[in-house]
Amino acid sequence: MSAISSHRKPPRVGDTPLVRRSLIAFVLIIGFLLVVAPLVIIGVEAFSAGLKAYSATIIHPDTRHAIFLTVVTALIAVPINTVFGIAAAWAITKFDFPGRRLLLVVIEIPFSISPIVAGVAYLFVYGLQGLFGPLLDAYDIKILFALPGIVIASMFVTAPFVARELIPLMQAQGRDLEEAATSLGASGWRTFFSVTLPNIKWALLYGVVLCNARVMGEFGAVSVVSGNIRGQTNTLPLHIELLYHDYQTAGAFASASILAFLAVVTIIAKVMLERRGAGRGRKADNGASAASTETHA
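Cut-offs applied
- Residues numbered from 1 in each chain as written.
- Predicted model: local features only at pLDDT ≥ 70, side-chain atom pairs only at ≥ 80, totals over all residues.
- Heavy atoms only, no water.
- Helix = DSSP H or I, 4+ residues; strand = E, 2+ residues; numbered from the N terminus.
- Buried < 20%, exposed > 50% of the residue type's maximum accessible area, 1.4 Å probe, protein only.
- Contact = heavy atoms within 4.5 Å.
- Areas by Shrake-Rupley, 256 points an atom, 1.4 Å probe, with all protein chains shown as cover.
- Phe/Tyr/Trp six-rings, centres within 6.5 Å; stacked < 30°, edge-to-face > 60°.
- Core = buried A, V, L, I, M, F, W, Y, C linked by side-chain atoms within 4.5 Å.
- Axes fitted to C-alpha atoms, helices over the stretch in contact; angles between N-to-C directions.
- Parallel < 35°, antiparallel > 145°, perpendicular 65-115°, else oblique.
- Left-handed = near helix turned anticlockwise from the far one by under 90°.
- Nonpolar A, V, L, I, M, F, W, Y, C, P; charged D, E, K, R; others polar.
- 1 Å grid on protein atoms, 1.4 Å probe; cavity = no way out; pocket = protein on both sides within 12 Å on 5 of 7 lines; lining within 4 Å.
- Points joined across faces, edges and corners; volume = space filled by probe spheres on them.

A. Structural context of the overall build of the chain. Counting its regular elements, the chain contains 15 helices and zero strands. Relative to its 297 residues, the chain shows a buried fraction of 36%. For the chain, the proportion of contacts with a sequence separation of at least 24, taken over those separated by at least 6, is 74%. Counting every atom, the chain has about 17,500 Å² of accessible surface; 68% of that belongs to carbon and sulfur.

B. Summary view of the packing of aromatic side chains. Under the defined criterion, the tally for this structure stands at eight aromatic pairs. Ring centres of Tyr126 and Phe132 lie 6.3 Å apart, and the angle between their planes is 35 degrees; this geometry places the pair in the tilted category. When its relative accessible area of 26% is taken as the criterion, Tyr126 is described as partly exposed. Overall, Phe132 belongs to the partly exposed group, its relative accessible area being 39%. Clustering of aromatic rings is evident, with ring pairs tying together Trp90, Trp189, Phe192 and Phe193.

C. Spatial organisation of the nonpolar core. If you look at the biggest cluster of nonpolar residues, it comprises 16 residues, and the most contacted ones within it are Ile107, Leu166, Ile167 and Met170. If you list the elements that add at least two residues to this core, you get α4 (61-94), α9 (160-173) and α11 (188-217). Examining the composition of this core, we find that six residues originate from one element, α9, more than from any other.

D. Structural detail: the packing of helix α3 (residues 51-58) against helix α14 (residues 249-275). At their nearest, the axes of α3 and α14 sit 9 Å apart, and the two run at 70 degrees to each other. Judged by the inter-axis angle, α3 sits roughly perpendicular to α14. The crossing of α3 and α14 is right-handed. Along the contact surface, α3 presents Tyr54, Thr57 and Ile58, while α14 presents Gly251, Ala254, Ser255, Ser257 and Ile258. Its residues assigned to classes, the contact of α3 with α14 comprises four nonpolar, four polar and no charged.

E. Broad picture of empty space enclosed by the protein. This model, assessed by the stated rule, comprises two cavities of 30 Å³ or more. Here the largest cavity is characterised by a volume of approximately 40 Å³. Lining the largest cavity are Thr70, Thr73, Ile150, Ser154, Val215, Met216, Glu218, Val222, Thr235 and Pro237. Contributing elements (two or more residues each) for the lining of the largest cavity: α4, α8 (147-158) and α11. Taken together, the residues of the lining of the largest cavity break down into five nonpolar, four polar and one charged.

In structure tokens form, the structure reads like this:
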């Protein structure tokens, strides 16, 4: 009897049917109220004035320019942050150097600072009364209230996404494969493309997807540095706010449906990449051996 009891698993919180069902019901209700219901309302309100009004809002010059500016910002900010994330993850996981822990802290800073505070900080750096303001004005270089300021603010907010996905995975993989490749005569670039990149590709795509979604949906920092000039420096989130303040509710929801659609696509891509082994905390897969074989070849 004692042998049987010794093999029994210890009780877990929620093992009883009542507690388990209550927890599941609570999570489903909160998830519906906080996630599903807003998405449904956006879709309903976007078409509340009819398909013609929805189309008129989407093809309006201000909306088209907001979409264009949002896409351009993403096309600039995401690749730069991707390169930065790869370089930061490579430096932190493959080398030992003074200030390594400090670099980890610096990468986390955008997550601990409010985006609006970051936007205000850029005013004191690149504004007319800021640190570099007089110099930029002397050479007629415009950073704030223009595309460069929007891109810089978006890059600050999304800088950690790629690095945070790559660092845990690359730490789990270790340095053995890269050291083996270089000992066999492979160059640094050959080692990266033949050994490192194949092992981090899914985590890299995972971080890029999250980074892109955040760039397109960023509001706080961009609202400070853009100037909210309708048809000129308004990204899609800022354009939605202007429409709502102008009591154009249907138009605001129509524009918001674009970001809602992007959110759904991001979730689908996120789930697919997680099934491929992406995401922080996932261990290195068996692809490392294949990459090592390719390098030896």
